[in-house]
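What follows is each chain in one-letter form.
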Amino acid sequence: MKRTLRRYTKTFNLHPSPPISTFTTTTHHHAATPPPPPPPTTSSSPPITTHFNKHLTSLTTTNQHLTAIHLYNQIEFHKIITPCIITLTIIITSFSHLGLVSLSFSLFGKILKRGYVIDTVTLNALIQGLCFNGQVLKALEFHDELVAKGFELNEISYGILINGLCRDGRINAAIHLLRMVEKGCFFVKGNVVMYSTVIDCLCRNGYVNEAFEFYLNEMLVNGVCPNEFTYGSLIRGLCGVGRVREGFGLLEEMVREGLYVSVYDFTVLIDGLCKKGMLVEAREVFDEMVKRGYEVNVVTCTALMGGYCSKGNLDEARELFDKVVGWGFAPDVWTCNVLIHGYCKVKRLDDAMKVYNAMCREGLVPNVVTYNTLIDSFCKSGGVSQAWEIVKIMHDSGLTPDIVTYCILLDALCKSQCLDHAILLFNQLVERGLEPDVWTYTILIHGFCMNRRMGEAVNLLKEMHLKNLVPHIVTYSCLIDGLCRSGRISCAWRLLNKMHDNGPPPDNITYSIMLDALWKSQHLDHAVFLFNQMIRKGLEPDVLCYTIMIDGYCKSKRIDEAMNLLKEMYLKNLVPDIVTYTILFDGLFKSERISSYVWQLVNMIRDSDPPPDILNYLDTLCTSEHLYNNGLASAHY
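In this report, the structure presented in the accompanying data block is examined.

1. Points about the overall build of the protein
Thinking step 1. Helices and strands together make up the secondary structure of the protein, namely 35 helices and 0 strands.
Thinking step 2. The proportion of buried residues among the 637 residues of the protein is 48%.
Thinking step 3. Residue pairs at least 24 apart in sequence account for 62% of intrachain contacts in the protein once pairs closer than 6 positions are excluded.
Thinking step 4. By element, 56% of the accessible surface of the protein is carried by carbon and sulfur atoms, the whole surface being about 31,900 Å².

The following block contains the structure:
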């Protein structure tokens, strides 16, 4: 059987790369000339070599690869000892970790030249070096050459290749390779490491359903028992898409199988519960962990604190924070950031600053996220001067503001009508080597539009296109709104059509802006055409779109068409809001058509189960307009 990985991976867009000439030339050379007798085996190696190998191993396990290579070069240069294959394999590993793959293969050539018996440990070190340095395609070629020369690899070899494919984003190729292994193409069997690697990669890339099916239909069917890592990946994937109940099912399965449930597994489940708003259940799991003697860590507490903060329960979050400190854990920067963000969200900026000051006193160094959270909150609460003070502190601490910091400040300047200062800041961020992103441009475009500086706003849009930045739908909506406010309806209309052709398709908000402008500028037929166009394009008008159209019809005395739209809303199960009814009744009264439609309205309102605020509005309307006798009041009953 021809066991060639390159052949089997071509269907997965694995582009060919040049062969590894070092291996090819050395193997051909030694095929022509018989090798010398093999050196002594490891067991009979001189004690000094064995001792040296142990020392090298201790260096590599602590990532002191340069030191290991330097020592090897010294013993080679001074011929202190004769390196054995173990010595050379260790140095190959160090070269690989430092990204010096070509030197790894150079050393492999030395191994072949000296006639050492090559084992899978050495070959795996070379394969791992290629994969670790992003050369998985060359690793596959190397595999094919090895198999063609009669070398047999082991489960570890294929685990390395599968992991390399997953790291390179070639998940389909990794699955295909694992299936080839299971079919016996390489005389090894798939193991839990290979399957868990694929499952973890699927989950991390959002393919949770596929991961679960792979687990059920391939891993279990092939008799491979999952381990803690397999379950951990699946639990994290399920919780990430909100399927927390299934995550707990896997946790129970782990317990039944006698596998160790780690604090990490519990933390993932707590975080999943918090994101679904199930704080009571999350706290119960947390308390159960403590009760069972699990040593909860800062990450677990931060997950639960984040849940409390997202619901505005800052007192509970603070209580948990203090409890963590009381247990002897030192909160990290992220824990403090969660609490600061929570306080800022409910506008308790004094409390947020207290946490910040406590961080500094305890020697915790705030990061960019900390400062951005505080700067954003001060800006939104009107404390722009305090925000700039935070920026100065940030600079003094040696941190450089990032693009998010600049966006926050630009937005604050634009909203406070300091547009010229915003332009200076925009130019400053470019001078400092930061690349403005879509949101940076959108904020400034919105500022220009609000100040009726439409020429500059349009120029910024052109600049985005020149920089290959794809404008967001918000960018276009800001421009269309600005053009409409400036009376340039035809330009706004062209831009809307351009969105259909080249940009992101317009949404209900974009259409609402345009519809409102058309009605206000008395372009009635154009408004009706645009409303019908959005339906033809597959967009379902929302309550706001219908309300704008009803308002336009009412102001144009086209009451019948306004009522038809109201009926259409009911047919589409769209509940009119208080604004819709206010506009409609105002139009009916002004056109003196209320008596013509009163019973139709009674029946529609009664059947729609309107919210209390609408009933209160109708009650007030009936009283003030003496409509009880006309029947409108019966809609309450």
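Here the narrative resumes, following the displayed structure.
2. Remarks on the pattern of salt bridges
Thinking step 1. Going through the model one piece at a time under the given rule, you end up with 28 salt bridges.
Thinking step 2. Here Lys189 makes a salt bridge to Glu182, at a shortest N to O gap of 3.2 Å.
Thinking step 3. The partner of Lys555 in a salt bridge is Asp551, and the shortest N-O contact between them spans 3.2 Å. Taken together, the positions of Lys555 and Asp551, both in helix 31 (residues 543-555) and 4 residues apart, correspond to about one turn of that helix.

3. Description of the side chain of Arg283
Thinking step 1. You can see Arg283 is positioned in helix 16 (residues 279-291).
Thinking step 2. We classify Arg283 as buried; its relative accessible area is 17%.
Thinking step 3. Every residue in contact with Arg283, bar those within four places of it in the chain, is listed here: Leu304, Tyr308 and Lys323.

4. Structural notes on the nonpolar core
Thinking step 1. In this structure, Tyr158, Val198, Ile375 and Met514 are the most contacted members of the largest nonpolar core, which totals 199 residues.
Thinking step 2. Among the elements that line this core, the one with the most residues is helix 23 (residues 403-415), at 9 residues.
Thinking step 3. If near-sequence neighbours (up to four positions away) are discounted, Ile375 is found in contact with Ala387, Ile390, Val391, Met394, Thr405, Ile408 and Leu409.

5. A closer look at helix 18 (residues 314-326)
Thinking step 1. The first and last C-alpha atoms of helix 18 sit 18 Å apart over 13 residues, in line with the 18 Å expected at 1.5 Å per residue.
Thinking step 2. All buried positions along helix 18 are accounted for by Leu314, Ala317, Leu320, Phe321 and Val324. Relative to the axis of helix 18, the buried residues are bounded by an arc of 125 degrees and lie together on one face. Seen from the open side of helix 18, the exposed residues pointing more than 90 degrees away from its buried face are Asp315 and Gly326.
Thinking step 3. Each element contacted by the buried residues of helix 18 is listed here: helix 16, helix 17 (298-310) and helix 19 (333-345).
Thinking step 4. At the C-terminal side of helix 18, Gly328 shows a positive phi close to 95 degrees.

6. Here's the deal with helix 26 (residues 454-466)
Thinking step 1. With 13 residues, helix 26 extends 19 Å between its outermost C-alpha atoms, agreeing within 8% with the 18 Å of an ideal straight helix rising 1.5 Å per residue.
Thinking step 2. Taken together, the buried positions of helix 26 are Met454, Ala457, Leu460, Leu461 and Met464. Down the axis, helix 26 shows its buried residues gathered within 120 degrees of arc, on one side only.
Thinking step 3. On its buried side, helix 26 packs onto helix 25 (438-450), helix 27 (473-485) and helix 28 (489-501).

7. Observations concerning the layout of surface pockets
Thinking step 1. Put simply, the largest pocket is a space of about 280 Å³.
Thinking step 2. Taken together, Phe248, Leu251, Glu252, Val255, Leu259, Val261, Phe266, Val285, Glu288, Met289, Arg292 and Tyr294 make up the full set of residues lining the largest pocket.
Thinking step 3. Mapped by element, the contributors of at least two residues to the lining of the largest pocket are helix 14 (244-256) and helix 16.
Thinking step 4. Of the residues contributing to the lining of the largest pocket, the split by class is 9 nonpolar, no polar and 3 charged.
Thinking step 5. Lining the second largest pocket are 13 residues, with Phe321, Val325, Pro331, Ala358 and Glu362 sitting closest to its centre.
Thinking step 6. For the lining of the second largest pocket, the secondary-structure elements that each account for two or more residues are helix 18 and helix 20 (349-361).
Thinking step 7. Counted by class, the lining of the second largest pocket contains 9 nonpolar, no polar and 4 charged residues.

8. Examining the packing of aromatic side chains
Thinking step 1. Counted according to the given criterion, the structure contains 15 aromatic pairs.
Thinking step 2. Ring plane angle 40 degrees and centroid distance 5.6 Å describe the contact between Tyr195 and Phe214, whose orientation is recorded as tilted. Of this pair, Tyr195 sits in helix 11 (residues 192-204) while Phe214 sits in helix 12 (residues 208-219), placing them 19 residues apart in sequence. Judged on exposure class, the residue Tyr195 and its partner Phe214 are both buried.
Thinking step 3. Between Phe266 and Tyr294 the ring centres are 5.1 Å apart and the planes differ by 70 degrees, which places this aromatic pair in the edge-to-face class. Here Phe266 is found in helix 15 (residues 263-275), whereas its partner Tyr294 is found in the loop between helix 16 and helix 17, with 28 residues between them in sequence.
Thinking step 4. Accessibility expressed as a relative area gives 21% for Tyr294, which makes it partly exposed.
Thinking step 5. Taken together, the ring pairs in this structure connect Phe105, Phe108 and Phe142 into an aromatic cluster.

9. Observations concerning the packing of helix 25 against helix 26
Helix packing geometry: the angle between the two helix axes and the distance between the axes.
Thinking step 1. Helix 26 packs onto helix 25 with a crossing angle of 165 degrees between their chain directions and a minimal axis gap of 8 Å. One finds that helix 25 runs roughly antiparallel with respect to helix 26. Crossing angle aside, the handedness with which helix 25 passes helix 26 is left-handed. Counting all contacts with helix 25, which are made through Val438, Tyr441, Leu444, Ile445, Phe448 and Cys449, the residues of helix 26 involved are Met454, Glu456, Ala457, Leu460, Leu461, Glu463 and Met464.
Thinking step 2. Considering only residue class, the contact of helix 25 with helix 26 consists of 11 nonpolar, no polar and 2 charged.

Rules of the game
- Residues numbered from 1 in each chain as written.
- Predicted model: local features only at pLDDT ≥ 70, side-chain atom pairs only at ≥ 80, totals over all residues.
- Heavy atoms only, no water.
- Helix = DSSP H or I, 4+ residues; strand = E, 2+ residues; numbered from the N terminus.
- Buried < 20%, exposed > 50% of the residue type's maximum accessible area, 1.4 Å probe, protein only.
- Contact = heavy atoms within 4.5 Å.
- Areas by Shrake-Rupley, 256 points an atom, 1.4 Å probe, with all protein chains shown as cover.
- Salt bridge = Lys/Arg side-chain N within 4 Å of Asp/Glu carboxyl O.
- Core = buried A, V, L, I, M, F, W, Y, C linked by side-chain atoms within 4.5 Å.
- Expected span 1.5 Å × (residues − 1).
- Arc of directions from axis to C-beta.
- 1 Å grid on protein atoms, 1.4 Å probe; cavity = no way out; pocket = protein on both sides within 12 Å on 5 of 7 lines; lining within 4 Å.
- Points joined across faces, edges and corners; volume = space filled by probe spheres on them.
- Nonpolar A, V, L, I, M, F, W, Y, C, P; charged D, E, K, R; others polar.
- Phe/Tyr/Trp six-rings, centres within 6.5 Å; stacked < 30°, edge-to-face > 60°.
- Axes fitted to C-alpha atoms, helices over the stretch in contact; angles between N-to-C directions.
- Parallel < 35°, antiparallel > 145°, perpendicular 65-115°, else oblique.
- Left-handed = near helix turned anticlockwise from the far one by under 90°.

Taken by themselves, the reported measurements are silent on function.
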